[in-house]
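Structural overview for review
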Amino acid sequence: MHAPYSYEAALKASRKIAWEIEDIIGGEKRLDFDRPFLPEALAGVQKLDFLGPDEQRCLNHIRAHGYLYTFGMVEEFILPFVLDHARPQLHGDDFRARALLQFAAEEAKHIHLFKRFREEFTSGFGSECEVIGPPEEIARAVLSHHPLGVSLIILHIEWMTQRHYTGSVREDRDIDPLFSSLLRHHWMEEAQHARLDTLMVESLAEVHSAAEIAEGIDAYLAIGGMIDDGLKQQAEFDVDALTRATGRHFDTAERDRLLAAQQRALRWTFIGSGMTHPNFLATVERLDPPARRRLETEVAPAFC
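Thresholds applied
- Residues numbered from 1 in each chain as written.
- Predicted model: local features only at pLDDT ≥ 70, side-chain atom pairs only at ≥ 80, totals over all residues.
- Heavy atoms only, no water.
- Core = buried A, V, L, I, M, F, W, Y, C linked by side-chain atoms within 4.5 Å.
- Buried < 20%, exposed > 50% of the residue type's maximum accessible area, 1.4 Å probe, protein only.
- Helix = DSSP H or I, 4+ residues; strand = E, 2+ residues; numbered from the N terminus.
- Contact = heavy atoms within 4.5 Å.
- Salt bridge = Lys/Arg side-chain N within 4 Å of Asp/Glu carboxyl O.
- Phe/Tyr/Trp six-rings, centres within 6.5 Å; stacked < 30°, edge-to-face > 60°.
- Lys NZ or Arg CZ within 6 Å of the ring centre and 35° of its normal.
- Lys, Arg positive; Asp, Glu negative; His and termini not counted.
- Polar contact = N/O pair within 3.5 Å; in protein donor to acceptor, adjacent residues only side chain to side chain.
- Disulfide = S-S within 2.5 Å.
- Expected span 1.5 Å × (residues − 1).
- 1 Å grid on protein atoms, 1.4 Å probe; cavity = no way out; pocket = protein on both sides within 12 Å on 5 of 7 lines; lining within 4 Å.
- Points joined across faces, edges and corners; volume = space filled by probe spheres on them.
- Nonpolar A, V, L, I, M, F, W, Y, C, P; charged D, E, K, R; others polar.
- Axes fitted to C-alpha atoms, helices over the stretch in contact; angles between N-to-C directions.
- Parallel < 35°, antiparallel > 145°, perpendicular 65-115°, else oblique.
- Left-handed = near helix turned anticlockwise from the far one by under 90°.

The next thing to look at is the nonpolar core. Membership of the largest hydrophobic core comes to 98 residues, with the highest contact counts inside it found for Leu-68, Phe-77, Leu-152, Phe-179, Leu-258 and Leu-295. Counting residues per element, this core draws most heavily on helix H3 (residues 53–86), at 15 residues. Among all residues touching Phe-179, those that are not within four sequence positions of it are Leu-31, Phe-37, Leu-38, Ala-64, Leu-68 and Phe-117.

Pasting the structure below:
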């Protein structure tokens, strides 16, 4: 059983929604630092009652900076993976070749877009926000895993993007309109990428034995563990950035609460929300039904 997607349909949809970076950011299109950037469902700052409204908004901005940086970072390994997958198929199905090359071109555009956001953010925020990386080393580490595992983590990320936008960003009228627009345009193209990567996962699975599929799922979990370790470090960086930006010293209990809240929000944002997406789980079930049950009952609860 296969997902009801096609390379031709994804290509046509991508062409209809094409946009350029200049449509979103730059010139008179500037970030509004008087408003939050991320929905509270992703930022997780409002329960920190020892922070004042301005401090909560500052932490929201720091989280938004890390949010888009992390997307740019993961797209540093998505881009070469898609190109490597497309290269052997350039002389086969024309729609497949064109759709995969379009996929890669859009991921390169997203990397560029997130770099432009970081430039705008840095010029307006006023203090340093440290981030994990460098992206090249993380990409190398991810791409060293089984190709099916890499394709599954990419699929996880793409369905995660869909859930973030439709579940919290789209209806939030309080966040900065420019940031919301940026997420909307990213979501529009990632909707097609999720379909294309579903096809990629299925094509990889078709040439693998059951044992190799199990190895690929284990690789997906290993990559997820590596990402989780990075998120713990990012939470530390975010708390340090909040200290620099506000000039406020947090005692041990406050810092512990900040770290716990931010780690919880980051784990849901980047792991739980993708791992539990129904479409991602449906793909895993087609590959290996017991693996879906394992994700739902043993792994995902730690991230939700």
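A word on the pattern of salt bridges. Side chains that differ in sign of charge can pair as their charged atoms come close. For the structure on display, the rule yields 19 salt bridges. For Glu-285, the salt bridge is made with Arg-292, and the minimal N-O distance between the two is 3.0 Å. For Glu-285, a relative accessible area of 37% corresponds to the partly exposed category. Where Glu-296 meets Arg-292, a salt bridge forms, and the shortest distance between an N and an O atom there is 3.2 Å.

The subject of this paragraph is the packing of aromatic side chains. All chains considered together, the criterion is met by 14 aromatic pairs. Here Phe-33 and Phe-125 contribute two aromatic rings whose centre-to-centre distance is 6.5 Å and whose plane-to-plane angle is 40°, an arrangement assigned as tilted. Within this pair, whereas Phe-33 is found in the loop between helix H1 (7–16) and helix H2 (40–43), its partner Phe-125 is found in helix H4 (residues 94–125), the two being separated by 92 residues in sequence. Among the aromatic residues, ring-to-ring pairing joins Phe-33, Phe-37, Phe-117, Phe-121, Phe-125 and Phe-179 into one connected group. Between the NZ or CZ atom of Lys-109 and the centre of the ring of Trp-19, over which it lies, the distance is 3.8 Å.

Here Asp-197 is to be found in helix H7 (residues 177–206). We note that Asp-197 is buried and unpaired, the nearest opposite charge coming from Arg-286 at a distance of 10 Å. Within the structure, Asp-197 has its side chain in polar contact with the backbone nitrogen of Leu-155 (distance 2.9 Å). Sequence-distant contacts of Asp-197, that is, excluding residues within four places in its chain, are made with Phe-103, Ser-151, Ile-154, Leu-155 and Glu-158.

Further remarks concern the state of the cysteines. Under the defined criterion, the tally for this structure stands at zero disulfides. Summary of cysteine pairing: Cys-129 is not part of a disulfide, and the nearest cysteine sulfur, belonging to Cys-58, is at 7.5 Å.

What follows is about helix H8 (residues 210–246). The end-to-end C-alpha distance of H8 is 53 Å, a good match for the 54 Å that 37 residues give at a rise of 1.5 Å each. Positive backbone phi, at 70°, marks Gly-247, one or two positions downstream of H8.

Now for the layout of surface pockets. Its boundaries defined by the atoms lining it, the largest pocket holds a volume of some 330 Å³. Residue lining of the largest pocket: 15 residues in total, with Gly-44, Lys-47, Ala-261, Arg-264 and Ala-265 positioned closest to the centre. Take the lining of the largest pocket: its biggest share by element is six residues, from helix H9 (residues 252–275). Of the residues belonging to the lining of the largest pocket, the class tally is nine nonpolar, one polar and five charged.

Before going further, it helps to examine the packing of H3 against helix H6 (residues 147–169). Running from N to C, H3 and H6 point in directions that differ by 140°, and their axes come no closer than 11 Å. Looking at the two axes, H3 sits oblique to H6. H6 is crossed by H3, and the crossing has left-handed handedness. Only Pro-147, Val-150, Ser-151, Ile-153, Ile-154, Ile-157, Met-160, Thr-161 and His-164 of H6 make contact with H3, whose side of the interface consists of Tyr-67, Phe-71, Val-74, Phe-77, Ile-78 and Phe-81. When grouped by side-chain class, the residues that make up the contact of H3 with H6 number twelve nonpolar, three polar and no charged.

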